[in-house]
Amino acid sequence: MAPEELADYLPYPTALFLEEEIDAHLERWGTVEVDGLEVLFSPRERGKGTMPTASTYGYHFKKACKAAGLVDGQGEARFTPHSLRHFFASTALANGVSLLEVSRWLGHRSLNVTATTYGHIVPDAWDRCRDVIQSALRPTSPVSLAPAA
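Residues numbered from 1 in each chain as written. Predicted model: local features only at pLDDT ≥ 70, side-chain atom pairs only at ≥ 80, totals over all residues. Heavy atoms only, no water.

1. Quick word on the overall build of the chain
Summing up its helical and strand segments, the chain has six helices and two strands in all. Ordered by position from N to C terminus, the α and β elements of the chain give α-β-β-α-α-α-α-α. Carbon and sulfur atoms make up 58% of the accessible area of the chain, which amounts to about 11700 Å² in all. (Helix = DSSP H or I, 4+ residues; strand = E, 2+ residues; numbered from the N terminus. Areas by Shrake-Rupley, 256 points an atom, 1.4 Å probe, with all protein chains shown as cover.)

Okay, structure coming up:
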């Protein structure tokens, strides 16, 4: 993959503990060179492209979840890469990160896609906005309309 094609893959903000885990993984295992790029994962099948996809690493992802004990009541993997994407978006939005920022990180072509999918997660946005405007416009000290004595 040419470097200019990497613009199609947007970075997500990550938690510090996750960055530390990735650094430890890199220290232990290093990277793999694929088409001149240093990557964490390589495709399992030829001709599948440089970046892994659910079809090229889904089996291994599920196997890793099971090995880590991340399973549901039936012993199946609790997570998929797509469920982690939804977790990221839902958690960010529910905690006040803007819809526009989340939309960009998800790589949605339109803010409407993000709003349609996740808009229900931010029902308190109305109240938050009202409180912000109230705080911005409310006088800092009470105003008395009574004539001075």
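2. What about a negative patch on the surface?
Side chains of Glu19, Glu20, Glu21, Asp23 and Glu27 sit close together on the surface and give a patch of like negative charge. The residue Asp23 is located in helix H1 (residues 16-29) in this model. (Patch = residues over 30% accessible without salt bridge, like charges linked within 9 Å, V, L, I, M, F, W, Y side chains within 5 Å. Salt bridge = Lys/Arg side-chain N within 4 Å of Asp/Glu carboxyl O. Lys, Arg positive; Asp, Glu negative; His and termini not counted. Charge placed at Lys NZ, Arg CZ, Asp CG, Glu CD.)

3. With respect to the packing of helix H4 (residues 99-106) against helix H5 (residues 111-118)
At a closest axis distance of 9 Å, the pairing of H4 and H5 adopts a crossing angle of 105°. For the element pair H4 / H5, the angle class is roughly perpendicular. Contact residues: Leu99, Leu100, Val102, Ser103 and Leu106 in H4; Leu111, Thr114, Ala115 and Tyr118 in H5. Of the residues contributing to the contact of H4 with H5, the split by class is seven nonpolar, two polar and no charged. (Axes fitted to C-alpha atoms, helices over the stretch in contact; angles between N-to-C directions. Parallel < 35°, antiparallel > 145°, perpendicular 65-115°, else oblique. Contact = heavy atoms within 4.5 Å. Nonpolar A, V, L, I, M, F, W, Y, C, P; charged D, E, K, R; others polar.)

4. Some words on a nonpolar patch on the surface
Among the surface-exposed residues, Phe17, Leu18, Ile22, Leu26, Leu40 and Phe41 lie close enough to one another that they form a single nonpolar patch of about 520 Å² accessible area. Its relative accessible area of 49% is what places Phe41 among the partly exposed residues. (Buried < 20%, exposed > 50% of the residue type's maximum accessible area, 1.4 Å probe, protein only.)

5. Details of the packing of aromatic side chains
The tally for this structure, following the rule as stated, stands at one aromatic pair. A ring pair is formed by Phe88 and Trp105, whose centres lie 6.2 Å apart and whose planes are at 70°; its orientation type is edge-to-face. Placement of the pair is Phe88 in helix H3 (residues 81-94) and Trp105 in helix H4, with a sequence separation of 17 residues. Given a relative accessible area of 18%, Phe88 falls into the buried group. On the basis of relative accessibility, which here comes to 27%, the residue Trp105 falls in the partly exposed class. (Phe/Tyr/Trp six-rings, centres within 6.5 Å; stacked < 30°, edge-to-face > 60°.)

6. A word on the side chain of Thr114
The topology assignment puts Thr114 in helix H5. In this structure Thr114 comes out as buried when scored by relative accessible area, which is 0%. Every residue in contact with Thr114, bar those within four places of it in the chain, is listed here: Leu99, Val102, Ser103, His108 and Gly119.

Function-wise, these values are silent; they only describe arrangement.
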